[in-house]
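Topology and contacts: notes
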Amino acid sequence: MDFEQIVFTIISHAGNARSLCFEALKCAREGNILEAENHIKDASDELLEAHHIQTDMIQKEASGDKQEVTLLLMHAEDHLMTAILAKELITEMIEMYKVINNTKESSLNV
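Residues numbered from 1 in each chain as written. Predicted model: local features only at pLDDT ≥ 70, side-chain atom pairs only at ≥ 80, totals over all residues. Heavy atoms only, no water.

With 27 residues, the main nonpolar core has M57, I90 and I94 as its most contacted residues. When contributions to this core are tallied by element, the ones reaching two or more residues are α1 (3–29), α2 (33–62) and α3 (71–108). Take this core: its biggest share by element is 12 residues, from α1. Those residues in contact with I90, other than ones at most four positions away along the chain, are C21, F22, L25 and I40. (Core = buried A, V, L, I, M, F, W, Y, C linked by side-chain atoms within 4.5 Å. Buried < 20%, exposed > 50% of the residue type's maximum accessible area, 1.4 Å probe, protein only. Helix = DSSP H or I, 4+ residues; strand = E, 2+ residues; numbered from the N terminus. Contact = heavy atoms within 4.5 Å.)

Okay, the side chain of E46 next. Following the sequence through the fold, E46 ends up in helix α2. The buried charged residue E46 lacks any salt bridge, with K41 as its nearest oppositely charged partner at 11 Å. (Lys, Arg positive; Asp, Glu negative; His and termini not counted. Salt bridge = Lys/Arg side-chain N within 4 Å of Asp/Glu carboxyl O.)

Below, the discussion takes up the layout of surface pockets. Of the volumes computed, that of the largest pocket is approximately 170 Å³. Only α1 and α2 provide two or more residues apiece to the lining of the largest pocket. Counting residues per element, the lining of the largest pocket draws most heavily on α2, at 5 residues. Residues belonging to the lining of the largest pocket are distributed by class as follows: 5 nonpolar, 1 polar and 5 charged. (1 Å grid on protein atoms, 1.4 Å probe; cavity = no way out; pocket = protein on both sides within 12 Å on 5 of 7 lines; lining within 4 Å. Points joined across faces, edges and corners; volume = space filled by probe spheres on them. Nonpolar A, V, L, I, M, F, W, Y, C, P; charged D, E, K, R; others polar.)

With that settled, consider the packing of α1 against α3. Direction vectors running N to C along α1 and α3 enclose 15 degrees, while the axes themselves pass 8 Å from each other. Considering the angle they form, α1 stands roughly parallel to α3. Here α1 and α3 pass one another in a crossing that is left-handed. (Axes fitted to C-alpha atoms, helices over the stretch in contact; angles between N-to-C directions. Parallel < 35°, antiparallel > 145°, perpendicular 65-115°, else oblique. Left-handed = near helix turned anticlockwise from the far one by under 90°.)

To continue, consider α1. The first and last C-alpha atoms of α1 sit 39 Å apart over 27 residues, in line with the 39 Å expected at 1.5 Å per residue. The first or second residue beyond α1 is G31, which carries a positive phi of 90 degrees. (Expected span 1.5 Å × (residues − 1).)

Put simply, the protein has an average pLDDT of 94, and 99% of its residues get 70 or more. Taking the mean pLDDT of every element in the protein, the minimum, 92, falls on α3 and the maximum, 97, on α1. (pLDDT = per-residue confidence, 0-100.)

Time to look at the environment of R29. Looking at the secondary structure, you find R29 in helix α1. Judged by its relative accessible area of 51%, R29 is exposed. Once the C-alpha coordinates of R29 and V69 are considered, the two residues, 40 residues apart in sequence, prove to be 40 Å apart.

All right, on to the environment of K41 then. Tracing the backbone shows K41 in helix α2. Residue K41 is classed as partly exposed on the basis of its relative accessible area of 49%. In the structure, K41 is positioned 20 residues away from C21 in sequence and 9.2 Å away in space, judged by C-alpha atoms.

Okay, structure coming up:
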């Protein structure tokens, strides 16, 4: 793959992960916690793919095969970092929805 294809692959995986995270949040809000957790797992898989590509690029650079830092590469890194952050925050929000749902269920059983 050439450099641009590699960068667009990172963007694609990061974008998929971000979309899956927000779909997970929607599911959790609707009470579908299992489905939300499945979306988070799928997002993690997408992020892992992007991270492997990123790690390969870092290893190549460390061995002397340097790439020019382009706006496109910075854009890909930005997408990856925001997707990682979205996953971390939304995972915590899903945990909050679990607590909220358990509290609601407990109050209904009283």
